[in-house]
Amino acid sequence: MTNSDIKILLVDDEPDILELVGYHLRREGYTVFTAPDGEQGIEIAVRETPSLIILDVMMPGMDGFGVLEYMNRNNLIGDIPVIMISGEDSGKVIKQAYEWGVSDYIKRPFDMEVVHRRVLNTIKLYAKQRRLVAMVTN
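Residues numbered from 1 in each chain as written. Predicted model: local features only at pLDDT ≥ 70, side-chain atom pairs only at ≥ 80, totals over all residues. Heavy atoms only, no water.

**Some points on the nonpolar core**
Here is step 1: Ranked by internal contacts, the top residues of the largest apolar core, which has 23 residues, are Ile53, Leu55, Leu68, Val82 and Met84.
Here is step 2: Broken down by secondary-structure element, the contributors of at least two residues to this core are β1 (7-11), α2 (38-48), β3 (52-55), α3 (64-73), β4 (82-86) and α4 (91-99).
Here is step 3: Here this core takes 4 residues from α3, the largest share from any one element.
Here is step 4: Contact partners of Val82, with chain neighbours within four places excluded, come to Leu52, Ile53, Leu55, Leu68, Met71, Ile77, Val102, Ser103 and Asp104.
Here is step 5: By size, the runner-up hydrophobic cluster in this structure holds 20 residues, among which are Ile6, Ile85, Val119 and Leu120. (Core = buried A, V, L, I, M, F, W, Y, C linked by side-chain atoms within 4.5 Å. Buried < 20%, exposed > 50% of the residue type's maximum accessible area, 1.4 Å probe, protein only. Helix = DSSP H or I, 4+ residues; strand = E, 2+ residues; numbered from the N terminus. Contact = heavy atoms within 4.5 Å.)

If you want it as structure tokens, here you go:
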């Protein structure tokens, strides 16, 4: 699998974040989709089946927890890893994010190298998990 085979969905209401993170991920060869809110994020996730979602917590309309609730209700959280990136750093919010199934949580402001490493690690982990499931199934 090459990076161009990997689809990443960015869901954030801040255009600067979508542009910055999207630029760096595209530069690494990933296929990147963006959504400015949770509703559009879900539409793209259902249509494109991304390899990874990078999700903001606080957004107008459906927030990040609304997206996680939808993903849990529709059994998507086990197949599509989610990394949350947010300026919200209260322990309660971070704990809730992990309870809803996020793979990782990155606080703003962030270093793009850290984001890149966490994206890469999460994608590798889920790829290994899928291979193991396929081996057990066979």
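Continuing now.
**Points about the sheet that holds strand β5 (residues 104-107)**
Strands belonging to one sheet form pairs held by backbone hydrogen bonds; the direction of such a pair is parallel or antiparallel.
Here is step 1: With respect to topology, 5 strands assemble into an open sheet ordered β2-β1-β3-β4-β5, the strand pairing being parallel. Each edge of the sheet is formed by a strand with only one pairing partner; in this case those strands are β2 (31-35) and β5. With strand direction ignored, the average angle separating the axes of adjacent strands in the sheet is 20°.
Here is step 2: Across 3 bridges, the pairing between β3 and β4 is parallel. Looking across to β4, one finds that Leu55 is bridged to Met84. (Pairing = 2+ DSSP bridges. Axes fitted to C-alpha atoms, helices over the stretch in contact; angles between N-to-C directions.)

**Some remarks on the pairing of β2**
Here is step 1: Alignment of β1 against β2, held across 5 bridges, turns out to be parallel. Its bridge partner lying in β2, Leu10 is registered against Thr34.
Here is step 2: In this region the chain leaves β1, passes through helix α1 (residues 15-27) and returns to the parallel neighbour β2; the handedness of that crossover is right-handed. (Right-handed = clockwise from strand over helix to strand, strands pointing away.)

**Section: the pattern of salt bridges**
Here is step 1: Counted under the stated rule, the structure contains 9 salt bridges.
Here is step 2: Here Asp56 and Arg108 are joined by a salt bridge, their closest N and O atoms 3.7 Å apart. In this pair, Asp56 sits in the loop between β3 and α3 while Arg108 sits in the loop between β5 and α5 (112-137), placing the two residues 52 residues apart along the sequence. In this pair, the class of Asp56 matches that of Arg108, namely buried.
Here is step 3: Salt-bridge contacts for Arg117 lead to Glu113; the nearest nitrogen and oxygen are separated by 3.5 Å. Linking Arg117 with Glu113, this pair stays in helix α5, spanning 4 residues, or about one helical turn.
Here is step 4: Classification of Arg117 by relative accessible area gives partly exposed; the value is 42%.
Here is step 5: Assessed through its relative accessible area of 44%, Glu113 is described here as partly exposed. (Salt bridge = Lys/Arg side-chain N within 4 Å of Asp/Glu carboxyl O.)

**Here's the deal with unusual backbone geometry**
Here is step 1: For the bond running from Arg108 to Pro109, omega is -5°, close enough to zero to count as cis.
Here is step 2: Note on placement: Pro109 falls in the loop between β5 and α5.
Here is step 3: Of note, Thr49 is a non-glycine position whose phi angle comes to about 45°, a positive value.
Here is step 4: If you trace the backbone, Thr49 turns up in the loop between α2 and β3.
Here is step 5: If you check the backbone angles, Asn75 has positive phi at about 55° while not being a glycine.
Here is step 6: Its location among the elements puts Asn75 in the loop between α3 and β4.
Here is step 7: A residue is classified by how much of its surface remains accessible, and Asn75, at 61% relative accessible area, is exposed.

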